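As a plain string of letters, each chain reads:
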Amino acid sequence: MADHDRRQPAGGYNNRKRRYREDDDYDRRPQRRRYDAPLPVRIRKQLLGLAESPLRRWHEEVQSIAHVLADNYEDQELRTSFLDLVLQMLIEQPLKTPFVAAVVLVANSLKPDILSDLLTRVATATEEKVSVGEWRDVKLYLKFLACLQSALEGDGLFPLLEELFSRAVDLQTASSDDTIGTELVKIILLTIPYIMAAAPAQWQQKAAELMDKTDVIASEPHALQVLIDPYHAEEGTESPTANMSLIGLLQKQLQTEALNGWELSCLPRPWQMPPEEIEQQEKLDNAQKHTLPNISIPEKVVAGPRPLFPEIYFSVYVNQDIESVPPVSSIASSLIRDGLLDTINILDFNRGVTARFLIDVDCYFAPGTFVKRATPFDRLRDVEGDRSTWKPEDVAVDAVFSQIFALPAPEHKLVYYHSVLTEACKIAPAAVAPSLGRAIRYSYQNTHRLDLELCYRFLDWFTHHLSNFGFMWKWTEWVDDVNLPDMHPRKAFILGALDKEIRLSFAQRIKGTLPEPYQALIGPEKEQDTPEFKFNDDHTPFAAEGREIAALLKRKAPDEEIQPIIDRIHSAALDQAIDPLVSSTDVFMTAVCWVGSKSLSHVLACIERTKDRLLDSGAASEAARAQIITAVVSYWSAHPGVAITIIEKLLNYSIITPGAVIDWALAGDRAGPYGQALSKSWVFELVFNSVVKVTSRLRQVISSGSNETTEEEVANMRELFKNMEDALISWAQGTKDQIMDPVVSDGGEDLIKRWGERWLRVFRRRSAIEEAFLLEHKAVS
Amino acid sequence: MPGALRSTVDRLDRPSAYYNSRNKRRRPDHGRDNKDGDAEVHVPVEESPEDPLKNATTLYVGNLSFYTTEEQVYELFSKCGEIKRLVMGLDRFNKTPCGFCFVEYYTHQDALDCMKYIGGTKLDERIIRTDLDPGFEEGRQYGRGKSGGQVRDEYRDDYDEGRGGLGRAIQSEREREGQRNRERDQHMEDDYGRLR
């Protein structure tokens with residue numbers, strides 16, 4: 001026990017801020033006995049540290065805690081803090097659940113009261129979580145109870161699983177779109193292996209019966225699966241994840257496991273004592289059993305706070321010549337992934353700890369599940385016999401990628417998953433960076449068939465990640481793609497990535513990280529901080545007026561002084577038979593951009609001062625609204641990121657509408673000729689952001705319960721999606737006039753159609769998900 | 001029940017020790033020992049039981065390079081939600097960026113997420129620091145060091161290219177010293193000349 005107290009000699013009670021302590025200072029100080037933390041604190045520390053040590057002295061850790069616990073269980077403070085902590089650990093650090101269970105099992109062999117108290121607590125907590133639909137927590141409690149199966153009376157956890165299953169059947173029979181039933185089946189299937197690892201042999205029959213039943217639901221592809229497939233396969237091909245429904249895989253994996261006598265070789269069994277501990281093992285085997293307190297499942301179960309979707313198993317390490325992650329045929333793939341995903345999504349409040357868990361993943365599974373950490377991929381070939389070739393880093397990275405690539409959306413903001421990968425790279429760069437490299441290569445090679453929204457997420461992550469590591473990437477390996485047409489998905493990715501990198505840094509810096517062939521992709525205009533004001537050139541129509549307006553804006557002249565110049569533009573335009581309003585809007589908005597070009601604050605202040613005029617222009621005609629956007633985008637054409645931010649603010653002022661943005665980007669050729677706009681990642685970003693603005697605003701209104709303006713807003717949103725559908729479908733089907741241009745008929749036409757299809761899929765999905773949200777909330781209210 | 005318990009691991013979306021110590025101090029103002037010399041916090045903690053950060057939507061962002069632009073801050077911080085307002089910290093005299101800013105979001109959750117996911121990561125190749133802030137007030141955008149920048153840039157003895165090299169006080173000290181040396185050298189040369 002004393003060992004444990006001294007495990008971290010420099011930790012805890014020392015003042016770490018004594019940075020400048022001299023050595024002799026150290027010597028003079030009397031070496032007093034360290035202050036002993038109170039018992040509950042020590043137990044807490046030990047319990048929290050369970051299994052973290054790579055030394056894997058599981059049985060020692062477990063017994064040490066269990067003995068202190070059993071000896072001092074009468075201590076009220078210890079008891080309360082222990083019971084509280086166990087419940088909390090189960091739902092905060094789920095990778096440690098089997099180890100906590102082992103502590104409890106050993107403690108039960110010494111003092112049965114402990115388990116009986118705990119079961120009462122866990123049962124109550126489970127019931128609460130069921131009633132509010134917190135299904136992940138339910139799953140985590142059941143996992144714990146499953147580990148305790150050997151200490152439970154009768155059939156233990158099985159009756160509860162059977163009851164959950166009967167709810168699942170009811171739900172699935174009622175509707176094929178149901179997702180709660182799918183979730184329940186997932187929970188059941190993920191619980192079974194823990195029961196079988198805890199109490200082998202006698203439950204095979206029970207498990208087989210239950211799995212016979214789940215088969216109907218698990219093996220049937222879910223109606224929503226097509227919608228959330230991360231791949232958007234080209235016509236005539238099949239998506240790599242077409243048969244990767246998580247519960248479908250689980251069902252098969254468990255059947256295979258049953259055939260092999262429930263080997264479950266990846267699961268840790270810390271309750272099994274080594275041969276020298278035969279006495280303790282006997283105590284364990286003959287410990288008192290307890291009846292699982294009743295956990296009632298309401299007749300009508302609810303979906304809970306997070307929207308549920310069927311899950312698809314995604315991996316960036318498929319089709320490698322050597323397996324560096326568990327294959328989907330193995331239950332290990334699902335069990336390890338499940339433990340990691342729960343950890344990742346629960347611990348979003350401390351990405352450092354999350355990353356630590358990812359790096360330490362091998363600590364929480366059976367010995368031999370993985371190869372040694374940081375084994376290079378090339379060395380996997382040298383692994384002998386049937387030993388594992390699974391790289392812990394690959395398994396960890398894969399889990400995070402599965403979240404970045406999760407549709408419709410992962411639990412947290414995407415930037416969280418970015419930050420986890422950054423942290424993991426910081427903790428173990430030599431181990432993680434090569435794994436990330438292979439993940440990047442896989443994603444890059446598959447950009448053409450990944451869902452377009454996911455492509456954008458990949459782009460966003462990739463560039464953000466590089467920005468944390470000195471923008472270092474082996475660009476040389478993609479040089480062949482530099483000469484592809486700009487609309488090619490991989491070339492489009494490169495162009496988008498360079499733009500995003502520049503936004504986080506600056507052109508010159510990024511140029512310095514690129515091999516020669518890429519240099520031409522970053523033109524001199526990108527290195528210019530302030531773009532030229534086109535009206536400085538006298539050949540530009542309305543050059544004089546442009547300069548005059550700019551001068552007035554600069555000295556913050558009142559609007560009355562601007563009006564005469566606008567009038568001059570109008571009459572000149574009329575003479576030339578061009579749209580007067582469009583002409584004056586272009587001059588004015590361009591001048592605003594130029595005057596505000598010093599920084600976003602400058603341009604925002606300028607917009608704020610001139611918003612009445614801009615509002616009038618925007619309200620005047622569709623053409624004027626479009627011209628506002630055109631002026632901003634052409635002024636900032638070398639820095640689309642700035643244009644996007646300005647447009648976002650113009651949307652906030654209602655100077656332009658989301659509909660105008662979408663129309664501008666998709667209907668004509670203003671964002672790029674012949675449909676090239678569709679391949680530009682910044683156009684996708686602009687449109688996507690505008691749509692999200694509309695949908696999240698609507699959700700906010702609906703969730704807040706006010707239904708006054710809702711009807712109109714719902715109608716607006718539907719119209720928006722309808723307009724997108726109309727604009728995109730003609731690109732996707734190749735019926736758009738612009739597509740017919742001879743310039744691009746050298747196969748470019750197919751590229752454009754494909755881009756159209758990919759856009760269409762993204763926004764049809766967004767639309768479907770919003771409709772589902774509306775439906776659900778109508779049902780509630 | 002579990003909500004009342006502290007988490008089994010620390011949370012990154014809590015105000016910093018700096019903020020807490022500032023508030024305990026109860027001296028409403030005093031330039032010396034504040035966070036990088038800015039972001040003054042006018043909250044007398046003992047009188048207000050309400051936590052001023054309970055609904056905070058603003059973050060103080062520190063350790064920026066002087067060369068980092070608003071656009072770069074926007075690009076990174078927008079990953080946590082739409083930015084309502086961005087106020088760059090400026091040198092009190094030159095009105096040039098001096099290495100900090102305030103980012104205001106529309107929601108408290110976005111600000112918390114920013115603490116968790118962006119604080120401590122890199123922007124413009126520097127590890128940046130975020131801290132929840134009760135809200136921007138006019139005047140707080142200026143550095144409070146003697147020479148106009150942030151206090152930490154006065155006496156910093158490490159050379160930080162992104163923040164104007166050495167601390168300014170040290171720089172001017174060295175300049176004076178250099179000046180004296182030059183004068184002395186001048187003197188000696190003159191002497192030499194005379195001796196010859």
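Since the structure is predicted, the reported quantities are computational estimates derived from the model, not experimental observations.

The rules behind each value
Residues numbered from 1 in each chain as written. Chains lettered and ligands numbered in written order. Predicted model: local features only at pLDDT ≥ 70, side-chain atom pairs only at ≥ 80, totals over all residues. Heavy atoms only, no water. Helix = DSSP H or I, 4+ residues; strand = E, 2+ residues; numbered from the N terminus. Buried < 20%, exposed > 50% of the residue type's maximum accessible area, 1.4 Å probe, protein only. Contact = heavy atoms within 4.5 Å. Areas by Shrake-Rupley, 256 points an atom, 1.4 Å probe, with all protein chains shown as cover. Lys, Arg positive; Asp, Glu negative; His and termini not counted. Charge placed at Lys NZ, Arg CZ, Asp CG, Glu CD. Salt bridge = Lys/Arg side-chain N within 4 Å of Asp/Glu carboxyl O. Buried area = accessible area lost by both parts, 1.4 Å probe. Expected span 1.5 Å × (residues − 1). pLDDT = per-residue confidence, 0-100. Pairing = 2+ DSSP bridges. Axes fitted to C-alpha atoms, helices over the stretch in contact; angles between N-to-C directions.

Here the focus is the overall build of chain A. Along chain A, the regular secondary structure elements total 35 helices and zero strands. Dimensions of chain A, computed from the C-alpha atoms along their principal axes, are close to 105 × 75 × 55 Å. For chain A, the proportion of its 781 residues judged to be buried stands at 57%. A sequence separation of at least 24 residues applies to 74% of the contacts in chain A between residues at least 6 apart. Summed over all atoms, the accessible surface of chain A reaches about 33600 Å², with 51% contributed by carbon and sulfur. One finds the centroid of the 86 positive side-chain charges in chain A at a distance of 6 Å from the centroid of its 113 negative side-chain charges.

Here we come to the pattern of salt bridges. Summed over the entire model, instances satisfying the criterion amount to 75 salt bridges over all chains. Of the charged contacts, one joins glutamate 527 of chain A and lysine 511 of chain A as a salt bridge, the two residues approaching to 3.1 Å between their closest N and O atoms. Of this pair, glutamate 527 of chain A sits in helix 24 (residues 524–527) while lysine 511 of chain A sits in helix 22 (residues 507–511), placing them 16 residues apart in sequence. Residues joined by salt bridges that share partners form a network here, namely Asp460, Asp499, Lys500, Arg503 and Glu685 of chain A together with Glu75 and Lys79 of chain B.

All names here are of chain A. For alanine 557, the position within the fold is in the loop between helix 25 (543–554) and helix 26 (559–575). Alanine 557 sits in the buried class, given a relative accessible area of 14%. For the pair alanine 557 and isoleucine 91, spaced 466 residues apart in sequence, the C-alpha separation works out to 61 Å.

Taken residue by residue, the interface counts 43 residues in chain A and 37 residues in chain B. A buried area of about 3500 Å², summed over both sides, lies between chain A and chain B, and 48% of it is on carbon and sulfur atoms. In terms of surface lost to chain B, no three residues of chain A exceed Phe349, Arg351 and Lys413 of chain A, which account for 19% of the buried area on that side. Here chain A and chain B share nine salt bridges between them. The partner of lysine 79 of chain B in a salt bridge is aspartate 460 of chain A, and the shortest N-O contact between them spans 2.7 Å. Broken down by secondary-structure element, the contributors of at least two residues to the side of chain A that touches chain B are helix 3 (39–48), helix 5 (76–92), helix 16 (351–359), helix 18 (414–427), helix 20 (452–468), helix 21 (489–504), helix 28 (600–609) and helix 31 (640–652) of chain A.

The next point concerns helix 17 (residues 392–404) of chain A. Compared with the 18 Å implied by 1.5 Å per residue over 13 residues, the 19 Å span of helix 17 of chain A between its first and last C-alpha is a close match. Burial analysis of helix 17 of chain A places 13 of its 13 residues in the buried class, which makes it a mostly covered element.

On to the environment of alanine 439 of chain A. Residues and elements named next belong to chain A. Mapped onto the elements of the fold, alanine 439 is located in helix 19 (residues 429–445). Accessibility expressed as a relative area gives 0% for alanine 439, which makes it buried. It is 8.6 Å that separates the C-alpha atoms of alanine 439 and aspartate 394, two residues lying 45 residues apart in sequence. With residues near it in sequence (within four places) discarded, alanine 439 still touches Val316, Tyr317, Val397 and Phe401.

Let us look at the confidence of the model for chain A. For chain A, mean pLDDT is 92; residues scoring 70 or higher make up 93% of the total. In the predicted structure, residues 1–25 of chain A sits below a pLDDT of 50 and forms 21 contacts with residues beyond four places in sequence or in another chain.

Bringing the confidence of the model for chain B into the picture now. Residues and elements named next belong to chain B. Averaged over all residues, the pLDDT of chain B is 82; the fraction at 70 or higher stands at 79%. In the predicted structure, residues 37–47 sits below a pLDDT of 50 and forms 34 contacts with residues beyond four places in sequence or in another chain. Every residue in residues 189–196 is under pLDDT 50, and counting partners more than four places away or in other chains gives zero contacts.

Residue and element names in this part refer to chain B. With antiparallel pairing, four strands are arranged side by side in an open sheet as 2-3-1-6. The open sheet has two edge strands with one neighbour each: strand 2 (83–90) and strand 6 (129–133). Neighbour-to-neighbour, the strand axes of the sheet open up by a mean angle of 25°, direction not taken into account. By the bridge criterion, four bridges tie strand 1 (residues 58–62) to strand 3 (residues 97–105) in an arrangement that is antiparallel. For threonine 58, the partnering residue across the bridge sits in strand 3 and is glutamate 104. On top of the sheet, helix 3 (residues 108–117) reaches strand 1, strand 3 and strand 6; it is set at about 150° to strand 6, its chief contact.

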